[in-house]
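Structural overview
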Amino acid sequence: MSRTTSRPARLAAAALCAIVAVSCAEPPRDRADLVLGTVCSVRILDGGDRGALDAVFERLRGIEATMSANADGTVVAAINAGAGVAPVAAPDDVRYVLGKALSYSALSGGAFDPTIGPVVKLWNIGMDGERVPSPEEIAAALPLVDASAVAADDAAGTVFLRRAGMLLDLGAIAKGYAADEAARILLEHRVKAAVIDLGGNVKVVGKKPDGSPWRIGIQDPFDDRGARIGVAELEGGATVVTSGVYERYFIGDDGEHYHHILDPATGYPVRNGLASVTVISSSSIDADGLSTTLFSLGLERGMALVETLGHVEAVFIDEDKRVYLSSGAGAVFKLDNPAFALTPLPFP
Ligand code: ADP
Ligand code: MG
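Small disclaimer: the values here were computed from a predicted structure and weren't measured. (Residues numbered from 1 in each chain as written. Chains lettered and ligands numbered in written order. Predicted model: local features only at pLDDT ≥ 70, side-chain atom pairs only at ≥ 80, totals over all residues. Heavy atoms only, no water.)

1. Looking at the layout of surface pockets
Condition: Whether a set of points on the 1 Å grid over the protein atoms alone is a cavity depends on a 1.4 Å probe fitting there but being unable to get out, while an open set qualifies as a pocket with protein on both sides within 12 Å along at least five of seven lines; lining residues are those with an atom within 4 Å of a point. Grid points are joined across faces, edges and corners, and a volume is the space filled by probe spheres set on the points. Each helix is a run of H or I in the DSSP string that is no shorter than four residues. Each strand is a run of E no shorter than two, and both are numbered from the N terminus. Amino acid classes used here: Ala, Val, Leu, Ile, Met, Phe, Trp, Tyr, Cys and Pro are nonpolar; Asp, Glu, Lys and Arg are charged; the rest, including Gly, are polar.
Of the pockets and cavities examined, the second largest pocket occupies roughly 270 Å³. Along its surface, the second largest pocket is lined by 14 residues, and A69, N70, N80, K121 and L167 are the ones closest to its centre. Those elements that provide at least two residues to the lining of the second largest pocket are α4 (75–81) and α6 (117–123). Here the lining of the second largest pocket gets 3 residues from one element, more than from any other, and that element is α6. Tallied by class, the residues present in the lining of the second largest pocket amount to 7 nonpolar, 4 polar and 3 charged.

Given below as structure tokens:
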């Protein structure tokens, strides 16, 4: 039998669609695109009007166009060009994200630092020209990493990096903000259920149509993207963000693995035995800032910090595939990969 539909049949179908407009004129449900330096995808499972996905991706591109440190013409690039020269006009969202970044810098005693830019630029990890910088280059860049030399002025709407050569880098937190914005926009467009995944930075919106909890896989830091160590069972509005050694890295001529979370004290990739830290929370900007912060702090100091924060859980994985949970994480996270071992904390 032929698979082509006859003209009358198509007309009949079109007429039926005109009557039952909702089911035939379903708005698009899925989209994936390269934005914010990664693959961003949104999947709508329930509700939403025609413009929902367009609006989300327009906002993601807008955030990239203001907050990227790697592109010309962004607000962050202008702030960097004004370092040591003059305060630069910065819209509310840039100052909001910067304010969050500075708060994680303070919480971590500088292990998280949004002025890490000069060191990031030396290594160029994940981009053309990635390389191991010389100790002299690192020594010259380190004095420029100084969160206390950032002046954000909310009344004037400006940001000023006090010393020439300083470079702001919001890469550790901007994707989290973008996920929160995506969720806000989906709800504005009457979406009832959706999953936002910005390069592994996941946020779920609303209730699943069948009423069951959302189940989000947590990335295996030793395997390809998509391979998981376990699953988080989440309510709508929850977010899961992982920072790890696998996300962006290169192997140097010396055979060493160099990844993209850099220690502001030494200028080298953080080496503390951890492979990844996952944060489960309701605010993606906080989860993103915190996952990088906890990774930089290491297991003992990182776990101590999580336990002081409400409504935040964390899963730490070390290089020996041991998995450590914060006190409430066991209620939402289930390990199901037998290569990994749930392990009691090695300190009181
Ligand atoms: P991903 O971007 O893969 O989700 P993270 O959120 O952990 O990973 O952010 C890593 C990025 O943050 C780096 O690529 C760099 O731009 C920036 N960064 C690196 N080290 C630090 C640090 N110590 N504090 C703040 N930002 C950092
Ligand atoms: Mg982060």
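2. Digging into the coordination of the magnesium ion (ligand 2)
Applicable threshold: Note: metal donors comprise N, O and S atoms at 2.8 Å or less from the metal (3.2 Å for Na, K and Ca); water molecules are not included, so apparent gaps in a site are possible. Any residue under 20% of the maximum accessible area for its type is buried, any over 50% is exposed, and the rest in between are partly exposed; the area is computed with a 1.4 Å probe on protein chains only.
Around the magnesium ion (ligand 2), the protein contributes the donor atoms A172 (O), D288 (O), D288 (OD) and T292 (OG1), which lie 2.1 to 2.4 Å from the metal centre. Sequence positions of the donors to the magnesium ion (ligand 2) reduce to the motif A-x115-D-x3-T. Of this pair, D288 and T292 both sit in helix α9 (residues 284–297), 4 residues apart, which is roughly one turn of that helix. Its relative accessible area of 6% is what places D288 among the buried residues.

3. Structural notes on helix α8 (residues 174–188)
Let me state the cut-off plainly: The span you would expect from a helix comes to 1.5 Å times its residue count less one.
The first and last C-alpha atoms of α8 sit 21 Å apart over 15 residues, in line with the 21 Å expected at 1.5 Å per residue. The buried fraction of α8 is high, at 12 of 15 residues. Within α8, burial applies to A174, K175, G176, Y177, A178, A179, D180, E181, A182, A183, I185 and L186. Phi turns positive one or two residues past the end of α8, at R190, with a value near 60 degrees.

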